[in-house]
Amino acid sequence: MTLRRVEGERSAPGRSLLEHKHLTPEWLPAFEAVPRSAFLPTVIWPYDMEAGATVSVDLRDEPDLWSSYADADVPIVTQWDDGTTRGRGIVPTSSASMPSVVFRMLAALDAEPGHRVLEIGTGTGWNAALLAHRLGADHVVSIEIDPKVADAARGRLAAAELLCTVVTRDGADGDEAGGPYDRIIATAGVRRIPWAWLRDAAPGGRVLAPWGTHFGNEDALVRLDVAEDGGSASGRFLGPVEFMKLRSQRSPFAGHDTYVPNGVGGADRGTTTVTEEQLLGEGRFAVERFAVGLRVRDCHHQAAAARNGTRPVWFYGLTDRSWACVMFTDGRAGARVWQSGPRRLWDEVSDALAWWRAAGEPGYERFGLTVTAHGQRAWLDRPSEYWDL
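Only a predicted model underlies this, so the values are computations on that prediction, with no experimental measurement involved.

## Focus: the overall build of the protein
What the protein contains, in helices and strands, is 11 helices and 20 strands. In summary, the protein has a C-alpha radius of gyration of 22 Å against a globular reference of 21 Å for 389 residues, a match within 12%. For the C-alpha atoms alone, the extent of the protein along its principal axes is close to 65 × 55 × 40 Å. The buried share of the protein, taken over its 389 residues, is 51%. Excluding contacts between residues fewer than 6 apart, the proportion of contacts in the protein whose partners are at least 24 apart in sequence is 57%. With the model as given, the accessible surface of the protein reaches about 17500 Å², and the carbon-plus-sulfur share is 48%. Placing the 42 positive and 52 negative side-chain charges of the protein at their respective mean positions leaves the two points 3 Å apart.

Structure representation (structure tokens):
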């Protein structure tokens, strides 16, 4: 697809992004000149917001529908199962993010002309092209682990006359030879900020990444400012997002049957007064789940669909085979609890919820993260009030 450049045109998607303050004025020229459609493959799998499902669209069969999705503020899957599946597969492994998220992250990155930027996760190449348009292609380096994805992105960047350096390697390793960088931005979710990124950042630089715990698949955008001595980086969370995870940091969860092969019969039993709403919160990015994940280390949870008036929520330890289950039942005041293994996972989760409520039910913006060569620390309100992760 040929890149089209538009002078001064504010399309309906652009107006919407501006009105909602996702697209800031300094990024408007890049938005107008670098359409997402020029960086998408012929077959895409956009998320249809009304249907609540991912759909398949082929440019050759439905060009108008394809274009409408390409211009819409929806995420679009561009690869499944690390490229082992030609059509729709099981696990989405590369995508084009929602434009609102892309420009929200670019605004938070605060890259200015003259800055050198390292991007982790080239994907389609659209984000790299936006950076290259504003900063110059010689100021942008992007890393992509998948050779085929990297090659396709290089081709699209070249066609757009915005070919920056695209390196094929694990983004967790950074780019020591090319550093230092004034800004580092990750477009893949991480569970630990690689020390290599701080190594590659200039003193006083910035690292922006979707970060989360293994408690769930959700992330929160964290903006870390690198200390002048380069020995640490610290900053607050900006709000919820969700990204495909860095391949080397995908969840180690081994599956339910590994933990509970024979049912709950041999587990310790109990009850709790915690309600389903108190545990899971409301909506896709409930802060309760984020807070619990910060406090309960090495734990994965799954909330099953409600059936016949009951809903089980499971918790699995990731360093052993501890597990817990809380069963909510419509019309029942208390919920049943089962726990097994050396960790009392439900006790840990309920304690974390009680801590969050006692702290005033803080939102994402009150939490922060500090990274050093020795590990990561989460904190509430101020870096001195921290706990290790």
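From this point, things continue past the structure.
## Thoughts on the pattern of salt bridges
Within the structure shown, the criterion is met by 17 salt bridges. Between Arg247 and Asp82 there is a salt bridge; the shortest N-O distance is 3.3 Å. On the criterion of sequence distance, the pair formed by Arg247 in the loop between β12 (232-241) and α8 (256-259) and Asp82 in the loop between β4 (76-80) and β5 (92-96) is long-range, its members being 165 residues apart. The partner of Asp151 in a salt bridge is Arg154, with the nearest N and O atoms 2.7 Å apart. Of this pair, Asp151 and Arg154 both sit in helix α6 (residues 147-159), 3 residues apart, roughly one helical turn. Residue Arg154 is classed as partly exposed on the basis of its relative accessible area of 25%. What emerges from the salt-bridge pattern is a single network uniting Asp82, Asp146, Arg247 and Arg250.

## Points about the nonpolar core
Grouped together as the largest cluster of nonpolar side chains are 39 residues, with contacts concentrated most on Ile193, Trp197, Trp211, Phe367 and Leu369. Ranked by size, the runner-up nonpolar core spans 38 residues in total, among them Leu23, Leu135, Leu162 and Val241.

## Things to note about the packing of aromatic side chains
Taken as a whole and judged by the stated rule, the model has 16 aromatic pairs. The interplanar angle of 80° and the centroid separation of 5.1 Å between the aromatic rings of Phe237 and Phe290 together place this pair among those described as edge-to-face. With Phe237 in strand β12 and Phe290 in helix α10 (residues 287-295), the pair connects residues that are 53 residues apart, well separated along the chain. Neither residue differs from the other here; Phe237 and Phe290 are each classed as buried. Ring geometry for Trp355 against Phe367: centres 6.3 Å apart, planes inclined by 40°, an arrangement best described as tilted. Note that Trp355 is positioned in helix α11 (residues 345-358) and Phe367 in strand β18 (residues 367-372), a separation of 12 residues in sequence. When its relative accessible area of 22% is taken as the criterion, Trp355 is described as partly exposed.

## Let's talk about the pairing of strand β16 (residues 323-329)
A regular strand places its side chains so that they alternate between the two faces of the sheet. Judged by how many residues are buried, β16 sits mostly within the fold: 6 of 7 residues are covered. With 7 bridges joining them, strand β15 (residues 310-317) and β16 adopt antiparallel strand pairing. Across the sheet, residue Phe315 finds its bridge partner in β16, namely Ala324. Connecting β15 to the next strand, β16, in antiparallel fashion are 5 residues. Bridge count for β16 against strand β17 (residues 335-340) is 5 bridges, and the pairing is antiparallel. Note on β17: the bridge partner recorded for Val326 is Val337. In textbook terms, the turn of a hairpin is the stretch between consecutive antiparallel strands, and for β16 and β17 this stretch comprises 5 residues, one of which, Gly331, has a positive phi near 80°.

## Thoughts on the sheet that holds β17
Pairing in this open sheet of 5 strands is antiparallel, and the strands run β13-β17-β16-β15-β14 from one edge to the other. The open sheet has two edge strands with one neighbour each: β13 (268-272) and β14 (299-303). Adjacent strand axes in the sheet meet at a mean angle of 20°, parallel and antiparallel pairs treated alike. Strand direction decides the pairing type here: β14 and β15, joined by 5 bridges, are antiparallel. Residue pairing for β15: His300 is matched across the bridge by Tyr316.

## A look at the pairing of β18
Counting buried residues along β18, 6 of its 6 residues qualify, which places the element largely inside the surrounding structure. The alternating pattern of β18 places Phe367, Leu369 and Val371 and Gly368, Thr370 and Thr372 on opposite faces, both of which are buried. Taken together, the 5 bridges between β12 and β18 define a ladder with antiparallel strand orientation. Of the residues in β18, the one forming a bridge with Ala233 is Val371. In this structure, β18 lies alongside strand β19 (residues 375-380), joined through 6 bridges in antiparallel fashion. In the strand pairing of β19, Thr372 is matched with Gly375. What sits between β18 and β19 in their antiparallel hairpin is a turn of 2 residues.

## Observations concerning the packing of α10 against α11
Any two packed helices are characterised by how steeply their axes cross, that is the angle between the axes, and by the distance between the axes. One way to put it is that α10 packs onto α11 with a least axis distance of 9 Å and a crossing angle of 115°. Remark: the crossing between α10 and α11 carries right-handed chirality. Contacts between α10 and α11 involve Val287, Glu288, Ala291, Val292 and Arg295 on the former and, on the latter, Val349, Ala352, Leu353, Trp355 and Trp356. Counted by class, the contact of α10 with α11 contains 8 nonpolar, no polar and 2 charged residues.

## With respect to the side chain of Thr372
Within the secondary structure, Thr372 sits in strand β18. A distance of 3.1 Å separates a polar atom in the side chain of Thr372 from the backbone nitrogen of His374. For Thr372, the residues in contact, after removing those within four places along its chain, are Trp195, Gly231 and Ser232.

Parameters at a glance
- Residues numbered from 1 in each chain as written.
- Predicted model: local features only at pLDDT ≥ 70, side-chain atom pairs only at ≥ 80, totals over all residues.
- Heavy atoms only, no water.
- Helix = DSSP H or I, 4+ residues; strand = E, 2+ residues; numbered from the N terminus.
- Rg over C-alpha atoms; globule rule 2.2 N^0.38 Å.
- Buried < 20%, exposed > 50% of the residue type's maximum accessible area, 1.4 Å probe, protein only.
- Contact = heavy atoms within 4.5 Å.
- Areas by Shrake-Rupley, 256 points an atom, 1.4 Å probe, with all protein chains shown as cover.
- Lys, Arg positive; Asp, Glu negative; His and termini not counted.
- Charge placed at Lys NZ, Arg CZ, Asp CG, Glu CD.
- Salt bridge = Lys/Arg side-chain N within 4 Å of Asp/Glu carboxyl O.
- Core = buried A, V, L, I, M, F, W, Y, C linked by side-chain atoms within 4.5 Å.
- Phe/Tyr/Trp six-rings, centres within 6.5 Å; stacked < 30°, edge-to-face > 60°.
- Pairing = 2+ DSSP bridges.
- Axes fitted to C-alpha atoms, helices over the stretch in contact; angles between N-to-C directions.
- Left-handed = near helix turned anticlockwise from the far one by under 90°.
- Nonpolar A, V, L, I, M, F, W, Y, C, P; charged D, E, K, R; others polar.
- Polar contact = N/O pair within 3.5 Å; in protein donor to acceptor, adjacent residues only side chain to side chain.

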